[in-house]
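Read off the chains here:
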Amino acid sequence: MNPHHLLDTAMNGDPLDALTSIRELQHLLREQQLHHVLTLRRHGANWGFIGRALGVTRQSAIERYGQWESPTQT
């Protein structure tokens, strides 16, 4: 579904529709966040840099996203 429509529904829609849209937006955002973290890692960004961008510690970033890296990227 269109993220713009989901956001509009989440902010202005019927409460039940809004909750459904929020859930779908959260899913889309998690996918995008993972994509961008892995892209940064492939381009040489370290975990401390990524952690700061996410507002978490280096260790938290590794715990959350390290499992998605290929073994040759670590």
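Residues numbered from 1 in each chain as written. Predicted model: local features only at pLDDT ≥ 70, side-chain atom pairs only at ≥ 80, totals over all residues. Heavy atoms only, no water.

1. Concerning the environment of Gln33
No. 1: By the element assignment, Gln33 lies in helix H2 (residues 15-42).
No. 2: Sequence separation between Gln33 and Tyr65 is 32 residues, and the spatial gap between their C-alpha atoms is 9.7 Å.
No. 3: Discounting residues that sit within four places of it in the chain, Gln33 has contacts with Leu54 and Tyr65. (Helix = DSSP H or I, 4+ residues; strand = E, 2+ residues; numbered from the N terminus. Contact = heavy atoms within 4.5 Å.)

2. Details of the packing of helix H1 (residues 3-12) against H2
No. 1: The contact between H1 and H2 brings their axes to 8 Å, and the two run at 140°. Considered as vectors, H1 and H2 are oriented oblique to each other. In the crossing of H1 with H2, the sense of the turn from one axis to the other is left-handed. Residues Pro3, Leu6, Leu7, Thr9 and Ala10 of H1 form the contact with H2, whose participating residues are Asp17, Ala18, Ser21, Ile22, Glu24, Leu25 and Leu28.
No. 2: Of the residues contributing to the contact of H1 with H2, the split by class is 8 nonpolar, 2 polar and 2 charged. (Axes fitted to C-alpha atoms, helices over the stretch in contact; angles between N-to-C directions. Parallel < 35°, antiparallel > 145°, perpendicular 65-115°, else oblique. Left-handed = near helix turned anticlockwise from the far one by under 90°. Nonpolar A, V, L, I, M, F, W, Y, C, P; charged D, E, K, R; others polar.)

3. Quick look at the side chain of Arg41
No. 1: Inspection of the secondary structure puts Arg41 in helix H2.
No. 2: A distance of 2.7 Å separates a polar atom in the side chain of Arg41 from a polar atom in the side chain of Glu69. (Polar contact = N/O pair within 3.5 Å; in protein donor to acceptor, adjacent residues only side chain to side chain.)

4. A few points about H1
No. 1: Burial in H1 covers these residues: Leu6, Thr9 and Ala10. On an axial view of H1, the arc spanned by its buried residues comes to 100°, and they lie on one face. Opposite the buried face of H1, by more than 90 degrees, sit the exposed residues His4, Met11 and Asn12.
No. 2: On its buried face, H1 sits against H2.
No. 3: Where H1 begins, the capping side chain belongs to Asn2, and its oxygen is found 2.6 Å from the backbone nitrogen of His4. (Buried < 20%, exposed > 50% of the residue type's maximum accessible area, 1.4 Å probe, protein only. Arc of directions from axis to C-beta.)

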